[in-house]
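Analysis of the macromolecular model
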Amino acid sequence: MTGSGESWLSDGLDDVMGVGHGLWVPGVDYVAGWREAREVADRLNRALLGAGFELSELRAVAATGEDGRGLVRLAGWPEAVDQLAGLLEGLAGGGGGAV
């Protein structure tokens, strides 16, 4: 891996993660947060499958934040996300508000 000067470790990463964002912070239990997020992501993926979605077009993905808390990200093609939004709006009575 090459880069300019002493900043080679973060070359290109500042654009994605923001300046000062550490990839790993010593002493933070990332595994516990990821496990929790994985369980919830698996549950959401089962629900998506039950609603007729293919996981190749829309799925929940487990991750962790820099503080070790679990995160669940929804990744999908815009068409599938739009379809999910329509389903959720229908459940909310079509008003587009929070359930």
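In this report, we go over the structure that sits alongside the text. (Residues numbered from 1 in each chain as written. Predicted model: local features only at pLDDT ≥ 70, side-chain atom pairs only at ≥ 80, totals over all residues. Heavy atoms only, no water.)

**Details of the overall build of the chain**
Along the backbone of the chain there are three helices and two strands. Reading the secondary structure of the chain in the N-to-C direction produces α-α-β-β-α. Per-residue burial over the chain gives 15% buried out of 99 residues. Contacts in the chain between residues far apart in sequence, at least 24 positions, make up 41% of those at least 6 positions apart. If you sum the accessible surface of the chain, you get close to 7,500 Å²; carbon and sulfur atoms cover 55% of it. (Helix = DSSP H or I, 4+ residues; strand = E, 2+ residues; numbered from the N terminus. Buried < 20%, exposed > 50% of the residue type's maximum accessible area, 1.4 Å probe, protein only. Contact = heavy atoms within 4.5 Å. Areas by Shrake-Rupley, 256 points an atom, 1.4 Å probe, with all protein chains shown as cover.)

**What about the nonpolar core?**
Residues Leu-48, Phe-53, Leu-58, Ala-80 and Leu-84 constitute the largest nonpolar core, which totals five residues. What Leu-84 contacts, discounting residues up to four positions off in sequence, is Leu-48, Phe-53, Leu-58 and Leu-74. (Core = buried A, V, L, I, M, F, W, Y, C linked by side-chain atoms within 4.5 Å.)

**Looking at the pattern of salt bridges**
Pairing between side chains of opposite charge can happen when the charged atoms of each approach one another. Under the definition given, this model contains one salt bridge. Two residues, Asp-42 and Arg-38, come together in a salt bridge whose shortest N-O distance is 3.2 Å. A residue pair is termed a helical-turn pair when its members lie 3 or 4 positions apart in one helix, as Asp-42 and Arg-38 do in helix H2 (residues 30-50) at four residues. For Asp-42, a relative accessible area of 27% gives the class partly exposed. (Salt bridge = Lys/Arg side-chain N within 4 Å of Asp/Glu carboxyl O.)

**A short note on H2**
When the terminal C-alpha atoms of H2 are compared, their 30 Å separation across 21 residues agrees well with the 30 Å that a helix rising 1.5 Å per residue should span. For H2, the complete set of buried residues consists of Tyr-30, Gly-33, Ala-37, Ala-41, Asn-45 and Leu-48. Looking down the long axis of H2, one finds its buried residues gathered within 100 degrees of arc, a one-sided arrangement. Summarising the geometry of H2, the exposed residues directed more than 90 degrees from the buried face are Arg-35, Glu-36, Glu-39, Arg-43, Arg-46 and Gly-50. Looking at the buried positions of H2, the neighbouring elements they touch are strand E1 (58-64), strand E2 (70-76) and helix H3 (78-91). Where H2 begins, the capping side chain belongs to Asp-29, and its oxygen is found 3.3 Å from the backbone nitrogen of Val-31. (Expected span 1.5 Å × (residues − 1). Arc of directions from axis to C-beta. Polar contact = N/O pair within 3.5 Å; in protein donor to acceptor, adjacent residues only side chain to side chain.)

All quantities given are derived from atomic positions and should not be read as evidence of function.
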